[in-house]
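# Structural overview
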Number of protein chains: 2
Amino acid sequence: MSHKYNNGGITNGGGGGGEIIDKNDEMGGVILGLDGGTTSTICVCMQFQGQLVDPLPILGRAVAGCSNHNSVGETAARDTLVQVMTEALTKSGSKKSAVRAVCLGVSGVNHPNDQERILNWLRNVFQSHVKLYVQNDAVAALASGTMGKLHGCVLIAGTGSISYGFTEDGREARAAGGGPVLGDWGSGYGIAAKALTAVIRAHDGRDSQTMLTDSILQSLSLPSPDELIGWIYADPSWARIAALVPVVVSCAEAGDEIAQKILKDAVQELSLIVTAVVKRLGMGGEDGNLYFPIVMVGGVLEANKRWDIGKEVINCILKTYPGATPVRPKVEPAVGAALLAWHFLRKEIDGNCHR
Amino acid sequence: MSHKYNNGGITNGGGGGGEIIDKNDEMGGVILGLDGGTTSTICVCMQFQGQLVDPLPILGRAVAGCSNHNSVGETAARDTLVQVMTEALTKSGSKKSAVRAVCLGVSGVNHPNDQERILNWLRNVFQSHVKLYVQNDAVAALASGTMGKLHGCVLIAGTGSISYGFTEDGREARAAGGGPVLGDWGSGYGIAAKALTAVIRAHDGRDSQTMLTDSILQSLSLPSPDELIGWIYADPSWARIAALVPVVVSCAEAGDEIAQKILKDAVQELSLIVTAVVKRLGMGGEDGNLYFPIVMVGGVLEANKRWDIGKEVINCILKTYPGATPVRPKVEPAVGAALLAWHFLRKEIDGNCHR
């Protein structure tokens, strides 16, 4: 089947294969890239051009709340997605009919059922010729570091932690990303929960005293460790707990051994998430020296001073995979999603042209 | 101030000290003992007699749902408590005016504020002369093994885990009981969460394969580990996850090393909870040989076959405290609460008589 660009959209051409189409006719219109996380959802609208240029032709950007259906339920998640896409189009002065492709990178997409449900929502919003792609938000994060190319590995360590990898021949693998019950221990939540536990253990005599006690209580304005249980269960949201990571880093930098141990364990966990993916995909080649990018994303891997978790994780991975090359993305994950949509659409058009 | 028994209740006598009261006049009426856990709330109504006799004079028993305010909210928790006490009185053929003392052992009571709130509810239900006691449910569990005497240590390992200890001179200490975020790792929830994590880690290549994968998936009727994330977040209630403990025990008994490691770690954690309390209270004496009871309560410590977690915990504690003596309660924690009320009331009456 061939595709032909027409009136700002892609229509399925009625003819068989073998048509010759002028590539330039295929360009134009806009694409939407969306990054849906547990705290916010960001959508960008980008002009669709034949080549990726610098700066990227971003026409508009909109921000909304959480769109993770596991957190807010299906109806709220869908409404948020539709709202943020509509706003991005309005801000860019584009009509919905100009949309040619949409790529959503959404946290909580862990299963084909999750993808299918979101695709069904999108099918009711866009005309049938619009190309729709739904991915885990980690895939959009990877694309933000590789300018849309699905090759290499991404490590996200924010509130949660996850790694995704893609080989150039299209194989993929993932590790972690199961949330706190399923042991995302290198994540911001994991680090902070261990620090809170260390405070309780010091308080009830199970473990040594730690600077974490005073630092955490001060940061939460609580008078005593006895108040922590009430504080936790008043609102056990993962992001609220993960917000304590900078306190743990400060204590580690000040020489607290328990805080240092928590961060060292997190480094091991995060390295393992990446190397598990790299190993399964054989991404480093036989000797581990083959080049591949590791896109590093998330608050845990950034913004540290002397105790740099991201750097430690890279050092740990390099011991086994010297070809691994860290990449700090220059664009945000929503732009990564738009770049993914660009690549998918471009590939489809090229495929049609070369037949 | 003296107290005088009158018309089935205690009234604060208007006179000063020095009255001589016939002890037998002080007896009669009923006491209520209540055990409020995260899955159910049980209330027993017991006749108040001068001596504890075997069998105990339990007149009625009622069961209701959860009364942990952290789980169901304040209004539902209060309504459940009132309902179950009313039902226990009705079943025992007693009137509310016959109640002389009430002891509530409620999970989620971690702080003086929690106690004060529940006491306020009770003050609106009972006449002002009724003696009211509110404790953490672990204290009622201890009393169920010591026939109401507050001496020794209790270890609860059910969905959560906690230890409480009391010395004969009235000092007390507690360890753990903070729930999963604050690291109750030897609990049923902790064991099951580690087992689920082990399945995910084996699946994504971070750790070795384990029997837990097939056993847990079969027990949950799930086709693949990919389905576990959806299963967890469909209903992350602690008790639902803790229900997987027997599967972990079976795998350990069948020789699975990862399951065995999880249970061995749980034994260490549970022993540490107890020894932290014993150490703080100096309960074992200088050489650890001093006698004290350890009341063992909860599903994790019972019902195992070859891999007996409770027995392993005791063996571990005995290495440091040879005077520790395990006790399996013969009565339920609600009766423990009633026995506590009996002791408190008896002490008060004796105190008045001896002046």
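The rules behind each value
- Residues numbered from 1 in each chain as written.
- Chains lettered and ligands numbered in written order.
- Predicted model: local features only at pLDDT ≥ 70, side-chain atom pairs only at ≥ 80, totals over all residues.
- Heavy atoms only, no water.
- Helix = DSSP H or I, 4+ residues; strand = E, 2+ residues; numbered from the N terminus.
- Rg over C-alpha atoms; globule rule 2.2 N^0.38 Å.
- Contact = heavy atoms within 4.5 Å.
- Areas by Shrake-Rupley, 256 points an atom, 1.4 Å probe, with all protein chains shown as cover.
- Lys, Arg positive; Asp, Glu negative; His and termini not counted.
- Charge placed at Lys NZ, Arg CZ, Asp CG, Glu CD.
- Buried area = accessible area lost by both parts, 1.4 Å probe.
- Salt bridge = Lys/Arg side-chain N within 4 Å of Asp/Glu carboxyl O.
- Least-squares fit on C-alpha atoms with pLDDT ≥ 70 in both.
- Disulfide = S-S within 2.5 Å.
- Buried < 20%, exposed > 50% of the residue type's maximum accessible area, 1.4 Å probe, protein only.
- Pairing = 2+ DSSP bridges.
- Axes fitted to C-alpha atoms, helices over the stretch in contact; angles between N-to-C directions.
- Phe/Tyr/Trp six-rings, centres within 6.5 Å; stacked < 30°, edge-to-face > 60°.
- Lys NZ or Arg CZ within 6 Å of the ring centre and 35° of its normal.
- Parallel < 35°, antiparallel > 145°, perpendicular 65-115°, else oblique.
- Left-handed = near helix turned anticlockwise from the far one by under 90°.
- Nonpolar A, V, L, I, M, F, W, Y, C, P; charged D, E, K, R; others polar.
- Polar contact = N/O pair within 3.5 Å; in protein donor to acceptor, adjacent residues only side chain to side chain.

Another aspect to go through is the overall build of chain A. Summing up its helical and strand segments, chain A has 13 helices and 12 strands in all. Compactness check: chain A gives a C-alpha radius of gyration of 22 Å against a globular reference of 20 Å for 355 residues, within 12% of the reference. Its C-alpha atoms give chain A principal-axis dimensions of roughly 75 × 50 × 35 Å. Considering only contacts within chain A whose residues lie at least 6 apart along the sequence, 67% involve residues at least 24 apart. Accessible area for chain A stands at about 14700 Å²; split by element, carbon and sulfur atoms hold 50% of it. Positive and negative charge centroids in chain A, built from 31 and 35 side chains respectively, lie 4 Å apart.

By convention, interface size is frequently given as the accessible area that disappears when the constituent parts associate. Contacts between chain B and chain A engage 37 residues on the former and 37 residues on the latter. Buried area between chain B and chain A, both sides added, is near 3000 Å², and the carbon and sulfur share of it is 60%. Taken together, chain B and chain A are joined by 2 salt bridges. In this structure, the salt-bridge partner of B:Arg201 is A:Glu269, at a minimum N-O distance of 3.0 Å. At the level of secondary structure, the elements contributing two or more residues to the side of chain B that touches chain A comprise strand E10 (172-176), helix H5 (188-203), helix H7 (228-234), helix H8 (238-242) and helix H10 (257-281) of chain B.

Our next topic: the relation of the copies chain B and chain A. Rotating chain B by 180 degrees and translating it 0.0 Å along the rotation axis places it on chain A, where the RMSD comes to 0.0 Å. Each copy turns onto its partner about a two-fold axis.

Residues and elements named next belong to chain B. Inspection of the entire model under this criterion finds 0 disulfides over all chains. Looking at Cys-45, it has no disulfide partner, and the nearest cysteine sulfur is the one in Cys-43, 7.3 Å off. With relative accessibility at 0%, the residue Cys-45 sits in the buried group.

Time to look at the pattern of salt bridges. Two side chains of opposite charge can pair, provided their charged atoms sit close to one another. Per the counting criterion, the structure on display carries 30 salt bridges over all chains. Residue A:Asp79 pairs with A:Arg78 through a salt bridge whose shortest N-O separation is 3.9 Å. Judged by relative accessible area, which is 33%, A:Arg78 ranks as partly exposed. Salt-bridge contacts for B:Arg117 lead to B:Glu74; the nearest nitrogen and oxygen are separated by 3.6 Å. Placement of the pair is B:Arg117 in helix H3 (residues 112-125) and B:Glu74 in helix H2 (residues 74-91), with a sequence separation of 43 residues. Classification of B:Glu74 by relative accessible area gives partly exposed; the value is 39%.

The subject of this paragraph is the sheet that holds strand E7 (residues 131-136) of chain A. Within a sheet, neighbouring strands are paired by backbone hydrogen bonds and run either parallel or antiparallel to one another. Residue and element names in this part refer to chain A. Sheet architecture is open: 5 strands sit in the order E5-E4-E3-E6-E7, paired in mixed fashion. Edge positions in the sheet fall to strand E5 (58-64) and E7, since each has one partner strand and no second. Strand-to-strand twist of the sheet, defined as the mean angle between neighbouring strand axes without regard to direction, takes the value 15 degrees. Sheet analysis places strand E6 (residues 99-106) next to E7, joined by 6 bridges and oriented parallel. In the strand pairing of E7, Leu-104 is matched with Val-134. Helix-sheet contacts for helix H4 (residues 112-125) involve E6 and E7, and the interaxial angle to E7 is about 145 degrees. Of the strands in this sheet, strand E3 (30-36), E6 and E7 are in contact with helix H5 (residues 137-146), which crosses E7 at around 100 degrees.

A few words now on the packing of aromatic side chains. For the structure shown, the criterion picks out 10 aromatic pairs over all chains. Aromatic pair A:Tyr164 and A:Phe166: ring centres 6.0 Å apart, planes at 10 degrees, arrangement stacked. For the pair A:Tyr164 and A:Phe166, a shared accessibility class is recorded, and that class is buried. Between A:Tyr233 and B:Trp238, the aromatic rings sit 5.5 Å apart at their centres with planes inclined by 65 degrees, giving edge-to-face as the arrangement. Residue A:Tyr233 is located in helix H8 (residues 228-234), and its partner B:Trp238 is located in helix H8; the two belong to separate chains. The partly exposed category is assigned to B:Trp238, whose relative accessible area is 35%. By the ring-pair criterion, three or more aromatic residues cluster together here, those being A:Tyr233, B:Tyr189 and B:Trp238. Over the ring of A:Trp231 we find A:Arg240; its NZ or CZ atom is 3.9 Å from the centre of that ring.

Residue and element names in this part refer to chain B. Viewed as axis vectors pointing N to C, H5 and H10 meet at an angle of 150 degrees, and their least axial separation amounts to 10 Å. Considering the angle they form, H5 stands roughly antiparallel to H10. Considering the relative orientation of H5 and H10, their crossing is right-handed. In this structure, H5 contributes Ile-191, Lys-194, Ala-195 and Ala-198 to the contact, and H10 contributes Ile-258, Ile-262, Leu-263, Asp-265 and Ala-266.

All names here are of chain B. Interaxial distance between helix H9 (residues 245-253) and H10 falls to 7 Å at its minimum, and their mutual angle equals 120 degrees. The orientation of H9 relative to H10 falls into the category oblique. Relative to H10, the crossing made by H9 is left-handed. Residues Val-248, Val-249, Cys-251 and Ala-252 of H9 touch H10, and the partners they reach there are Ala-259, Gln-260, Ile-262 and Leu-263. Taken together, the residues of the contact of H9 with H10 sort by class into 7 nonpolar, 1 polar and no charged.

Moving on to the sheet that holds strand E9 (residues 161-166) of chain B. All names here are of chain B. Sheet architecture is open: 5 strands sit in the order E10-E9-E8-E11-E12, paired in mixed fashion. Only two strands of the sheet have a single neighbouring strand rather than two, namely E10 and strand E12 (324-327). Neighbour to neighbour, the strand axes of the sheet diverge by 20 degrees on average, direction disregarded. In terms of strand pairing, strand E11 (residues 292-297) meets E12 through 4 bridges, oriented parallel. Residue pairing in the sheet places Val-295 in a bridge with Val-327 of E12.

Attention shifts here to the environment of A:Tyr321. Residues and elements named next belong to chain A. Tracing the backbone shows Tyr-321 in the loop between helix H12 (309-320) and strand E12 (324-327). The class for Tyr-321 is buried, based on a relative accessible area of 11%. Each residue touching Tyr-321, except ones within four places of it in the same chain, is listed here: Thr-275, Val-278, Lys-279, Gly-284, Gly-288 and Phe-292.

Residues and elements named next belong to chain B. In terms of burial, helix H4 (residues 137-146) is a largely internal element, 9 of the 10 residues being buried. Those residues of H4 not exposed but buried are Asp-137, Ala-138, Val-139, Ala-140, Ala-141, Leu-142, Ala-143, Ser-144 and Thr-146. The N-cap of H4, judged by a side-chain oxygen 2.9 Å from the amide nitrogen of Ala-138 a few residues on, is Asn-136. Trailing H4 by a residue or two, Met-147 shows a phi angle of about 55 degrees, which is positive.

What follows concerns unusual backbone geometry. Residue and element names in this part refer to chain A. Of note, the amide linkage connecting Asp-54 to Pro-55 takes the cis form, showing an omega dihedral of 0 degrees. Mapped onto the elements of the fold, Pro-55 is located in the loop between strand E4 (41-47) and E5. For Ser-221, which is not glycine, the phi torsion reads 55 degrees and is therefore positive. On the secondary structure map, Ser-221 appears in the loop between helix H7 (212-220) and H8.

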